[in-house]
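What the coordinates show
Chain residues, written in single-letter form:
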2 protein chains.
Amino acid sequence: MTISLEELQLAARNHGMPLEALRYDLTPVGLHYLLIHYDIPVVDPAAWRLQVGGLVERELSLGIDELRTWPAVELVATMECAGNGRARLEPRPVSQPWLHEAVGTAAWRGVSLPALLAEAGVRDEAVEVVFTGLDRGIEGEIEQRFARSLPVAEAAAGEAVLAYEVNGQPLPPQHGYPLRLVVPGWYGMANVKWLASIEVVGEPFSGFQQAAGYRWRTDETDPGRPLTRMLPRALMVPPGIPEFMTRHRTLETGSVVLEGRAWSGIAPVERVEVSVDGGRTWGDARLGEAPSRWAWRPWWFEWEAEPGECELRCRAADGAGNVQPDEPQWNVGGYANNATQRVPVTVRRRTLA
Amino acid sequence: MTISLEELQLAARNHGMPLEALRYDLTPVGLHYLLIHYDIPVVDPAAWRLQVGGLVERELSLGIDELRTWPAVELVATMECAGNGRARLEPRPVSQPWLHEAVGTAAWRGVSLPALLAEAGVRDEAVEVVFTGLDRGIEGEIEQRFARSLPVAEAAAGEAVLAYEVNGQPLPPQHGYPLRLVVPGWYGMANVKWLASIEVVGEPFSGFQQAAGYRWRTDETDPGRPLTRMLPRALMVPPGIPEFMTRHRTLETGSVVLEGRAWSGIAPVERVEVSVDGGRTWGDARLGEAPSRWAWRPWWFEWEAEPGECELRCRAADGAGNVQPDEPQWNVGGYANNATQRVPVTVRRRTLA
């Protein structure tokens, strides 16, 4: 693996969730994955306003204190970067080089997006709703603010939230202060941070992040389709203790309870299977309750560890029939690689009598 | 640059502070740099106790609620990883590949370490104080808990704090919940997290992180010396806007105020210089007040940006005569590389009249 300086610059800024943090129902602030597309913008909360316009009956302009007077809703949601797993592809698409840790679950609190759009009055000719953030940068030689759209049905009738709090705290700068969008079940790119405007439009949005970035493209000639919902994935807390440099795990013989979380943005997770022999045989994990419809489910798997080397795997299946594949499906942007996690471990005899 | 899978695994878990966060006096939780040496341990706060023993008059065993009844002290301190700058060395020592972002400043609140040691009563034959955390791993083929020592004079008479809060919040898991050591002015490795025991010893500590890791060694035959205090460093907020993949900056012609922070663990920062021509000429930055003796000082530099390509640099000098070098000093572990930051930028004419 030969990561470039550019990829390293991104990896040193952005960060995944250390996998031992799969222990928490809600990921503590600072452990949730973070992809800051351009820079964290400077925002003066007194001057900031959310502009709502386009194909609406009533344009709105709302300060953060006004938004806080609206009825508040809470949404517990698992969020994963669309690029999670990218660095496991061969050849590796060059961008933020995630292995499999770009995930987190948080309790977001704010204003219901459908309620806000109902107040503005979406006109019949509306097709999509465009969300634009304050973060500016250059990409594909185009100077831009980060912007993504949702189909009008998803925006006006779904459960998306315009969040000003996370895990009971005011939104920190890195999560989009003072306001961000959270679209349950969708990959991270839909969850626009530092939200500045919402525009209802009559044609499919052609901004860079919709028309060029964040698309599933099988090859360079494929126009592709925009990434939307998260494919199912299970991850485990790597058992035992790590070697510092390699992160290789060592544990002792005996009863081990493997644990982890599993999610899908398409339908609830219905099954998690675990293999302790590198995928030759699989057993069903016991599933717990998800903290919400849109959050990961905990799972546990009892294992009698025998001395030797082995490879642990886990995979999730959702209620819509989606199952994690063993091998990744390569694509130009390196998106949505939900191939099963593989955790090689060394099991040694107990050193104490 | 060819980063290995092992280095990438570390870079994806750990994270630096995005440099635009140099804007904050205190780094928000989640933006402060984070190096988790092994795994974040599971701690039951009801069962957890801090053990204080060794060469003391009175052994202590203190729960977190008892520690909270002691007089509280607050310490605002800048903390930097000893490995900051490692990935800029050639050949690159293989470990966590920091570029220059492994820093942060926080307000830590807890119990004075000298007060706690006075209560225990340090005996005359004491030489060092050993701090051991709950995080376990394997390194140099040795199974260990992370442990580092301080000279007894530093521990018993300095300003170190046993912290249970950061920035007004309970310590989050990733910063050492329920208790961590904070040693102002020292590189990060001294600030032991998930603290379990404090032992006063009569000989220099020979644990792995003291005797093998975190030592300044000029070559493989050099036994070296332990890393201690942070060398001076200035960093700037990269001006303008970034290109997504390269992070290269573009800004417009006209008056620009470059800004950043500078710190030294040895003596207060007395001077920051800025070059806008790749180090050929330097000018003095205006210095602001540090939030504490142990925290970074803000600085500003006015610049009339002309069209073209240029390289910005900044460098700090402290009151003990230490100045940042232009070029790094290579060493085996890749520590304490405080060579000046270099920020290439493109200045273009304003596009609007």
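Residues numbered from 1 in each chain as written. Chains lettered and ligands numbered in written order. Predicted model: local features only at pLDDT ≥ 70, side-chain atom pairs only at ≥ 80, totals over all residues.

1. Comments concerning the interface of chain A and chain B
The accessible area lost on association of the parts is a frequent measure of interface size. Put simply, the rule is: Throughout, a residue-residue contact means that the two C-beta atoms, derived from backbone geometry, are no farther apart than 7 Å. Counting from the N terminus, the helices are DSSP H or I runs at least four residues long and the strands are E runs at least two residues long. Here the nonpolar group is Ala, Val, Leu, Ile, Met, Phe, Trp, Tyr, Cys and Pro; Asp, Glu, Lys and Arg are the charged ones; every other residue, Gly included, is treated as polar.
Listed by partner, the interface residues are 48 residues for chain A and 48 residues for chain B. Of the residues forming the side of chain A that touches chain B, the biggest block, seven residues, is contributed by helix 1 (residues 5–13) of chain A. Taken together, the residues that form the side of chain A that touches chain B break down as 26 nonpolar, twelve polar and ten charged.

2. Thoughts on the sheet that holds strand 16 (residues 254–263) of chain B
Strand pairing in a sheet takes place through backbone hydrogen bonds and is either antiparallel or parallel in direction. Using the following cut-off: Paired strands, in this sense, are two strands between which DSSP finds at least two bridges.
If you trace the four strands from one edge of the open sheet to the other, you get 13-16-20-19 (chain B), paired in antiparallel fashion. Taken across any chain shown, the strands that pair with only one partner, and hence form the sheet edges, are strand 13 (233–236) and strand 19 (286–287) of chain B.

3. Concerning the relation of the copies chain A and chain B
Put simply, the rule reads: Least-squares superposition aligns the copies on the C-alpha atoms of those residues with pLDDT at or above 70 in both.
Rotating chain A by 180 degrees about the axis while translating it 0.0 Å along that axis superimposes it on chain B, leaving an RMSD of 0.0 Å. The superposition operator between the copies reduces to a two-fold rotation axis. Distance from the rotation axis, computed per C-alpha, reaches its smallest value in chain A at Gly30 of chain A: 1.8 Å. Interface residue correspondence from chain A to chain B reaches 100%, placing this contact among same-surface, isologous pairings.

4. Observations regarding helix 1 (residues 5–13) of chain B
Condition: Put plainly, a residue is buried at 20 or more neighbouring C-beta atoms within 10 Å of its own, exposed at 12 or fewer, and partly exposed in between, counting only other residues' C-beta atoms, which are placed from the backbone.
Considered for burial, the residues of helix 1 of chain B that qualify are Glu7, Leu8, Leu10, Ala11, Ala12 and Arg13 of chain B. Looking at the packing, one finds that the buried side of helix 1 of chain B touches helix 1 of chain A.

5. Let's talk about the environment of His37 of chain B
Of note, His37 of chain B is situated in the loop between helix 1 and strand 1 (50–54). A residue is classified by how many C-beta atoms lie within 10 Å of it, and His37 of chain B, with 22 of them, is buried. Here the alpha-carbon distance between His37 of chain B and Arg247 of chain B, two residues 210 residues apart in the chain, equals 28 Å. Setting aside chain neighbours within four positions, we find His37 of chain B in contact with Phe244 of chain A together with Asp135, Gly137 and Phe146 of chain B.

6. A closer look at the pairing of strand 22 (residues 341–348) of chain A
All names here are of chain A. Residue alternation in strand 22 divides its side chains into a buried set, Gln341, Val343, Val345 and Val347, and an unburied set, Arg342, Pro344, Thr346 and Arg348. Looking at chain direction, strand 15 (residues 249–252) and strand 22 are connected through four bridges and run parallel. Within strand 22, the position partnered with Arg249 by the bridge is Val345. Bridge count for strand 21 (residues 308–318) against strand 22 is seven bridges, and the pairing is antiparallel. By the bridge assignment for strand 22, Cys314 is matched with Gln341.

7. What to know about the environment of Trp300 of chain A
Relative to the helices and strands, Trp300 of chain A is located in strand 20 (residues 297–305). In this structure, Trp300 of chain A is in contact with Val257, Leu258, Glu259, Ala285 and Arg286 of chain A, ignoring residues within four places of it in sequence.

8. So, helix 3 (residues 113–120) of chain A
One turn of an α-helix holds 3.6 residues; hence residues three or four places apart share an orientation. All names here are of chain A. Worth spelling out the cut-off: Comment: arc refers to directions from the helix axis out to C-beta atoms.
Within helix 3, the full set of buried residues consists of Leu113, Leu116 and Leu117. On an axial view of helix 3, the arc spanned by its buried residues comes to 95 degrees, and they lie on one face. Where helix 3 is buried, its residues meet strand 1 (50–54), strand 4 (103–112), helix 4 (152–157) and strand 7 (161–166). Once helix 3 ends, the next one or two residues include Gly121, with phi positive near 80 degrees.

9. With respect to the sheet that holds strand 19 (residues 286–287) of chain A
If you walk across this open sheet you meet the four strands as 13-16-20-19 (chain A), and the pairing is antiparallel. Edge positions in the sheet fall to strand 13 (233–236) and strand 19 of chain A, since each of these pairs with one other strand and no more.

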